[in-house]
Amino acid sequence: MTAMENVWLDIGTIDDIPRQGARVVKTPMGCIAVFRTASDDLFALNDRCPHKGGPLSEGIVHGTSVTCPLHNFVISLETGLAQGADKGEVATFPVRCQAGRIQLEASQLARSKDAA
Amino acid sequence: MTQKLVVVGNGMAPGRALERLFEMVPGAFDVTIFNAEPRTNYDRILLSPVLSGEKSYEEIVIHGDAWYRQNGVTLHKGRKVVKIDRASKTVIAEDGTQADYDKLLIATGSVPFVIPVPGNDLAGVLTYRDIDDVNAMLIAAEQGGHAVVIGGGLLGLEAAAGLKARGMEVTVIHLMPTLMERQLDAAAGQLLKRELESRGIKVVTEASTRQIAATDPCLGPPRVAAVELQDGTSIKADIVVMAVGIRPNAVLAKDAGLATGRGILVNDRMRTSDTDIYGVGECVEFEGNVYGLVAPLYEQASILARELAGAPGAGFVDKALATKLKVTGVDLFSAGDFADGDDREEIVLRDAARGVYRRLVLKDDKVIGAVMFGDTSDSGWFFQLIKDSVDIAGMRETLIFGPAYAGGGNADPFAAVAALPDEAEICGCNGVCKGRIVSAITEKGLTSVDEVRTHTKASASCGTCTGLVEQLLTLSLGEAYNPAAVKPMCSCTELGHADVRRLVVAKQLKTIPDLMQELEWKSSGGCAKCRPALNYYLLSTWPGQYVDDNQSRFVNERVHANIQKDGTYSVVPRMWGGVTTPGELRAIADVADKFQIPSVKCTGGQRIDLLGVKKADLPAVWADLNAAGLVSGHAYGKALRTVKTCVGSDWCRFGTQDSTGLGVRLEKFLWGSWTPAKVKLAVSGCPRNCAEATCKDVGVICVESGYEIHFAGAAGLDIKGTVVLCHVKTEDEVIEVTAALIQLYREQGHYLERIYKWLDRVGMESIKAAVVDDPTRRNALFEGFMHSQKFSQSDPWAQRASGSTDSHEFSPIANLTYMEAAQ
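Everything quoted here is computed from the prediction, not taken from an experiment.

A. Focus on the overall build of chain B. For chain B, the count of helices and strands is 27 helices and 40 strands. The proportion of buried residues among the 823 residues of chain B is 48%. Across chain B, every contact between residues at least 6 apart in sequence was considered, and the portion connecting residues at least 24 apart equals 62%.

B. The nonpolar core, seen in detail. With 264 residues, the main nonpolar core has Val34(A), Val240(B) and Val241(B) as its most contacted residues. Broken down by element, this core gets its largest block of residues, 9 residues, from helix α8 (residues 294-308) of chain B. In this view, Val34(A) contacts Ile11(A), Ile17(A), Ala22(A), Arg23(A), Val25(A), Leu42(A), Ala44(A), Val95(A), Ile102(A) and Ile813(B); residues no more than four positions away in its chain are not counted.

C. Spatial organisation of the interface of chain A and chain B. Counting residues at the interface gives 29 residues for chain A, matched by 23 residues for chain B. At the level of elements, β1 (8-13), β2 (21-27) and β5 (60-62) of chain A are the ones that each hand at least two residues to the side of chain A that touches chain B. For the side of chain A that touches chain B, the element with the highest residue contribution is β2(A), accounting for 6 residues. Its residues assigned to classes, the side of chain A that touches chain B shows 15 nonpolar, 9 polar and 5 charged. Bridge analysis of β2(A) against strand β40 (residues 814-815) of chain B gives 2 bridges, and the strand direction is parallel. Looking across to β40(B), one finds that Lys26(A) is bridged to Asn815(B).

D. Layout of the pairing of strand β31 (residues 599-602) of chain B. Residues and elements named next belong to chain B. Bridge count between β31 and strand β32 (residues 608-613): 4 bridges; the pairing is antiparallel. Across the sheet, the residue bridging to valine 600 is leucine 610, located in β32. Hairpin connection of β31 to β32: 5 residues between the antiparallel strands, including glutamine 606 at a positive phi of 65 degrees.

E. Representation of the packing of helix α1 (residues 12-24) of chain B against α8(B) in the model. All names here are of chain B. Relative to each other, α1 and α8 sit at 35 degrees, their axes nearing to 8 Å. α1 and α8 meet at a crossing whose hand is right-handed. Where α1 approaches α8, its residues Met12, Ala13, Arg16, Ala17, Arg20, Leu21 and Met24 are matched on the opposing element by Val294, Leu297, Tyr298, Gln300, Ala301, Ser302, Leu304, Ala305 and Leu308. Of the residues contributing to the contact of α1 with α8, the split by class is 12 nonpolar, 2 polar and 2 charged.

F. Summary view of the packing of helix α21 (residues 659-670) of chain B against helix α22 (residues 731-748) of chain B. Residues and elements named next belong to chain B. At their nearest, the axes of α21 and α22 sit 11 Å apart, and the two run at 40 degrees to each other. If you check the angle between α21 and α22, you find them oblique. Note that α21 runs across α22; the crossing there is right-handed. Only Glu731, Val734, Ile735, Thr738, Ala739 and Ile742 of α22 make contact with α21, whose side of the interface consists of Leu662, Arg665, Leu666, Phe669 and Leu670. Considered class by class, the residues forming the contact of α21 with α22 number 8 nonpolar, 1 polar and 2 charged.

G. Spatial organisation of helix α24 (residues 764-773) of chain B. Residue and element names in this part refer to chain B. Most of α24 sits inside the fold, with 7 of its 10 residues counted as buried. Of the positions making up α24, those classed as buried are Ile767, Lys768, Ala769, Ala770, Val771, Val772 and Asp773. Elements that come into contact with the buried residues of α24 comprise α3 (65-70), β39 (723-728), α22, α23 (755-762) and α25 (775-790).

H. Up close: the environment of Glu89(A). All names here are of chain A. In this fold, glutamate 89 is placed in the loop between β7 (74-76) and β8 (92-93). Exposure remark for glutamate 89: the 13 C-beta atoms within 10 Å place this residue in the partly exposed category. Each C-alpha atom, one on glutamate 89 and one on proline 50, is 6.1 Å from the other, the two residues being 39 residues apart in sequence. Beyond its immediate sequence surroundings of up to four residues, glutamate 89 is in contact with Pro50, Gly80, Leu81 and Ala82.

I. Structural view of the environment of Gly162(B). Residues and elements named next belong to chain B. Within the secondary structure, glycine 162 sits in helix α5 (residues 154-165). Put simply, glycine 162 and serine 52 are 110 residues apart on the chain and 4.0 Å apart in space, counted from C-alpha to C-alpha. Filtering out sequence-adjacent residues up to four positions away, glycine 162 remains in contact with Ser48, Leu51 and Ser52.

J. View of the pairing of strand β9 (residues 95-98) of chain A. Residue and element names in this part refer to chain A. Looking at chain direction, β9 and strand β10 (residues 101-105) are connected through 4 bridges and run antiparallel. The residue bridging valine 95 from the neighbouring strand is leucine 104, located in β10. Between β9 and the antiparallel strand that follows it, β10, lie 2 residues; alanine 99 among them carries a positive phi value of about 50 degrees.

K. Layout of unusual backbone geometry. Residue and element names in this part refer to chain B. The residue methionine 180 is not glycine, and still its phi comes out positive at about 45 degrees. Here methionine 180 shows up in the loop between β11 (169-173) and α6 (186-198). Even without being glycine, glutamate 206 reaches a positive phi, approximately 50 degrees. Turning to its location among the elements, glutamate 206 is positioned in the loop between β12 (202-204) and β13 (209-214).

Conventions we followed
Here the residue index of a chain counts from 1 through its sequence in written order. Lettering for chains starts from A, numbering for ligands starts from 1, and both go in the order in which the items are written. Per-residue local features of the predicted model are confined to residues with pLDDT of at least 70, and side-chain atom pairs are confined, for both listing and counting, to 80 or more; whole-chain, interface and lining totals are unaffected and use all residues. Secondary structure follows DSSP: runs of H or I at least 4 residues long count as helices, runs of E at least 2 residues long count as strands, and numbering of each begins at the N terminus. Three classes are used. A residue is buried when 20 or more other C-beta atoms lie within 10 Å of its own, exposed when 12 or fewer do, and partly exposed in between, with C-beta atoms placed from the backbone. By definition, residue pairs are in contact when their C-beta atoms, positioned from the backbone, come within 7 Å. We define the nonpolar core as any set of buried residues of the types Ala, Val, Leu, Ile, Met, Phe, Trp, Tyr and Cys, connected via C-beta atoms lying within 7 Å of each other. By the convention adopted, Pro, Cys, Tyr, Trp, Phe, Met, Ile, Leu, Val and Ala count as nonpolar, Lys, Arg, Asp and Glu as charged, and the other residues, Gly among them, as polar. Think of it this way: DSSP has to see at least two bridges between two strands before they count as a pair. A fitted line through C-alpha atoms serves as each axis, taken over the contacting stretch for helices, and the angle formed by two N-to-C directions is quoted from 0 to 180°. Rotating anticlockwise by less than a right angle from the far helix to the near helix defines a left-handed crossing, while the corresponding clockwise rotation defines a right-handed one. Oblique is the label for every angle not falling under 35 degrees (roughly parallel), over 145 degrees (roughly antiparallel), or within 65 to 115 degrees (roughly perpendicular).

Structure (structure tokens):
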């Protein structure tokens, strides 16, 4: 496990994701949605809404939130928590942008997998 | 016995008189109207909102053609009466049309006063009186440039604000030292000047026009170039609007030998010096007074109607009048007499920081005049005190603070309104009394001023009584009424859909970030409610200019398929009019096999639905369907969904027309453009209606004599039968009317508002006026739709199947599943 720490995996360039949009990364334990906000901040969340499993990557991105396309749950990209009156939480993952390349931290993926 | 009533003029006063007359004695008069303008009766008070872009012409039409038909009125549009022959009781129009009368009503209105200076007849010199003047100003404003408005009264300032809103540089020149000196005292006039200047309108007072200078004749036909003042100043002008006043138009009456002064002399029953001839409106003079505001003119109309109906009540008396300036954001009110005098006292409240000014003029412990600027919320209460000559001695100390403080300890802001009798008139413009408003609120469950406007017309014209209507809502509903309840689009803004649509046009907003900045959006990037709505408003308002923002669209419209509960998609190819071929069916079957599509089902709109398609497969599925000639059916969009048909005269023994062919034509013509909500059509070949056209957004029923066009049906959350829009004779007319109707809906509909809800909100009259009664307007809508279609009719599936559009949508950015193998 420690061997995986601080290993950043390259998944593409920032321009591969439209502003206020998302793309999916396939991983061993399911799909991760990588979001790009209007101000070019990146967030990575499990691509399953805590409500009915809707694909969050297909939702409308506004500010630092995304609205699930199935039943309009609003999820904070920063915390993974459902907003407003709704309850629920989505796993979040460390993601960063280095010289225009998007990188996901591998240890988190592995740990999540172990947990799962 | 039916009497012949001839009306000369078709403005608001005779329109109101006829409404009242038809209510009281239906069928008693055979009415013929001569209108010098080529149109029906519209609300002249609302010309300013049309000029500024806050309303459209259709929204200010009072009587559409249908109204005249229903009441059996012969309306001669565009025919000006030039002679009244009192001996033979006949009127004669310019083109020779004649009409005999038993009773004649002269309602020739007024003419704008044009100041007698050199150059006043140049091209580009306009007046501000009717919709033609507004249209001329709008055309001029499209070029931008400089506008000079001569006259700082009510009309002049509304014209100036409108032209400014349309993007012109505007200067107002006014002869007197302060603006609106007939309605405002000097202090309020000064505040108004400052307010207008802060909006970028230049105001020059004590300015007398010497001449209007022309452009260099070598550069083409001369038109206005500048306005020159007596002091030698020259102000650049591309257009000049004269708004210095109006004069009663009494020429026709004078030529006929009737008694006239400034206007046509009438008694308190609106009768002229000839017992069979009446006068009403701005053309008449009563006891030395002439009138230009709507309330007394409507009062005259009611008295006239009673007189003609043989049920005379109280006669006309000269009363205090209230004025309100219709410039959005400027709150100004004046009523009664506010000149200084030895026998008068005044109470003044100033709050410079808030820009509030109130002045009451008292005489013998009664309020005889009021001027308010900046906060006019209590204007209705003060106006009532003036009209009723209330003794204010008991509340004098707190009077200036308004009704909230009246009556000492038991401060009840609504006491005055609550105390009004049911027959007290609340809306002077439309003659609506308190009882009618209150019963409409309780019986129809109304909760907003807008709804009260729709159902009673109260507060629908000049808006002066809006405060009173709000108080009645509060009295009737208690805490359930929220006065700020323009229902906001979402929590990102206080603005409602109607405000946003209006401001998109008025402020020329062309991108979502610009709109959010300009309209002070409260969230940084909107939300999933407002963004799709804004995207639609911009797209439908600026076709060909606005670039569709895919990231502001719901997933279905972004990927052109319907998301299902498991994240797969459904795919519905278009089958024009519900007609398909063995080749198409084979292609659909092949696609279902090849991509292992789990479910194939018929839809309610006569289409085939492929359910459970994986997102990554969509481009390949579309490519195969495209190869067989199948394109997107837009089953996922706020757009034209389907045109359902029956087999019609091709096969059916009852069919009267080619309903299938017409359905196919309609679908091929209408597909592509985005609409506020989904639009479903159907065409039935006979009134047996096998295509179920009478529950569709637009339904056509074929009959022997042509086609009945229906609309505003629903068979979803609500069930509603359609209403008939019109009957036409040819397929081409069906296409033209349907396209115009859908375009009007595209321009006015709120996002997600189906056609039947749009009809409920705007009313049948305005839709019919635009789409059926006025061929020019219908054609403009049709052309607007055609223009928008130029940018809409390309198959979104083909664009994506080829990989040229949105290729990022259909594949993951990265695949890290190898990690599992590595461990």
